[in-house]
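# Structural overview
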Amino acid sequence: DADALPDATIVAYEGPRQRILVVDDGWENQLVIAHLLEPLGFEVKTAGNGQEGLTLAADFSPHLLITDLAMPVMDGLAMVETLSLQLEHNDMVVVVYSASAALSDEQQRVQQCADALLSKPVRAPELFALLQKHLAVDWVYRDEVAANNQADDEATNQGMVYPSKAVLIALAEMAENGDIYGISEQAQPMLDKNDALVPFWQHLTELAESFQI
C-alpha cells in the first residue's frame, strides 16, 4: 500500500544491492523507472522487447523484473513464461505493468505469471511500496541521513583543536576553488606530527578523500 510509506523523501535503502530489469518497448517508460531507482542504489538494466529481456536476464540475474505486456518480437507474458521454465530465475519477482485495458485482456495469464501488478503511468509511491513488500528493503529517508550526519559532525567536532585563523582561511579558499588535491597536500605532512592538531588534519583528509569532483 503506497499510503503506508512515510511522508518523507527516500534517498537510499539498506542491505545488499538489488538488481532490477525493466522490459518495455517505450524508452521513455524505461527512463522513468531507471531515474527513480538508480539514485537510490538499485542496479537497473533495460530491454526493448521480451527477446532482449530473456538475453539480459540470463546474464544479469535480476532480483525483480518489471515488464510491459504488448511489445514487438516477443511480448511480456511470453518472456515471463519462458523464464519461469528456467530454474535459475525461480526466485525472481515478476511485476507486470500496463494499462488496465491490456491487463483485462490477459487477466488469467497475468495472474499465473505475475507476483504483482503495476499500472501505467508509474507513480513513485506505488513503485516504492511494491519494492518494499517484495524485496523487503528498508528505506533510508533524507531526514534520517541529515540527523545522522549532524550527530557525526557533533561527535567529531567535540574537543577538536583547530589550526590558526590564517590556515583555516587558506583551506577555505582552496575548498571554494575546488582544489581538493591542494587540501590533501597540505594535510599529509601534518598527519606525521605528534600534536593536538592531528585529529583535525585526519578529519580533513577523510573529507577530501571522500569528495567526488
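In this report, we go over the structure that sits alongside the text.

Rules and cut-offs
Starting afresh in each chain, residues are numbered from 1 along the sequence in its written order. Selection of residues for local features in this predicted model requires a pLDDT of at least 70, selection of side-chain atom pairs for listing and counting requires 80 or more, and totals for whole chains, interfaces and linings are taken over all residues. Side-chain measures here rest on the full set of heavy atoms in the structure, leaving out hydrogens and waters. A helix here means a DSSP run of H or I that spans at least four residues, while a strand means a run of E at least two residues long, and both kinds are numbered starting from the N terminus. To sort residues, take the accessible area from a 1.4 Å probe on protein chains only and compare it with the maximum for the residue type: under 20% means buried, over 50% means exposed, and anything in between is partly exposed. By definition, residues are in contact when any of their heavy atoms lie within 4.5 Å. Per-residue accessibility takes into account occlusion by the displayed protein chains alone, with areas from the Shrake-Rupley method and a 1.4 Å probe. Note on pairing: DSSP must find at least two bridges between two strands before they are called paired. As a rule, the C-alpha atoms of each element are fitted with a line to give its axis, helices using only the stretch in contact, and angles between N-to-C directions run from 0 to 180 degrees. When we speak of the arc, we mean the arc of directions from the helix axis to the C-beta atoms. Under the rule applied, a polar contact is a pair of N or O atoms within 3.5 Å (in protein, one hydrogen donor and one hydrogen acceptor; residues adjacent in sequence only if both atoms are side-chain atoms).

## Considerations on the overall build of the chain
- A count of helices and strands for the chain gives ten helices and seven strands.
- Here the chain holds 213 residues, and the buried ones make up 38% of them.
- Contacts in the chain between residues far apart in sequence, at least 24 positions, make up 66% of those at least 6 positions apart.
- Summed over all atoms, the accessible surface of the chain reaches about 12,500 Å², with 50% contributed by carbon and sulfur.

## Some points on the sheet that holds strand β6 (residues 116–119)
- What the five strands build is an open sheet, ordered β3-β2-β4-β5-β6; its pairing is parallel. The open sheet terminates on both sides in strands that have one partner only, identified here as β3 (43–47) and β6. Ignoring which end each strand starts from, the neighbouring axes of this sheet average 20° apart.
- Its contacts with the sheet place helix α6 (residues 124–135) against β2 (19–23), β4 (64–67), β5 (93–98) and β6, and it is angled at close to 170° to β6.

## Brief notes about the side chain of Gln18
- Counting through the fold element by element, Gln18 comes out in the loop between β1 (10–14) and β2.
- Setting aside anything within four residues of it in sequence, one finds Gln18 in contact with Tyr13, Phe42, Glu43, His63, Leu135 and Val137.

## Side note on helix α3 (residues 76–84)
- Within α3, the full set of buried residues consists of Gly76, Leu77, Met79, Val80 and Leu83. Seen from one end, α3 has its buried residues packed into an arc of 160°, which puts them on one side.
- Of the residues that open α3, the one with a side-chain oxygen 3.2 Å from the backbone nitrogen of Leu77 is Asp75.

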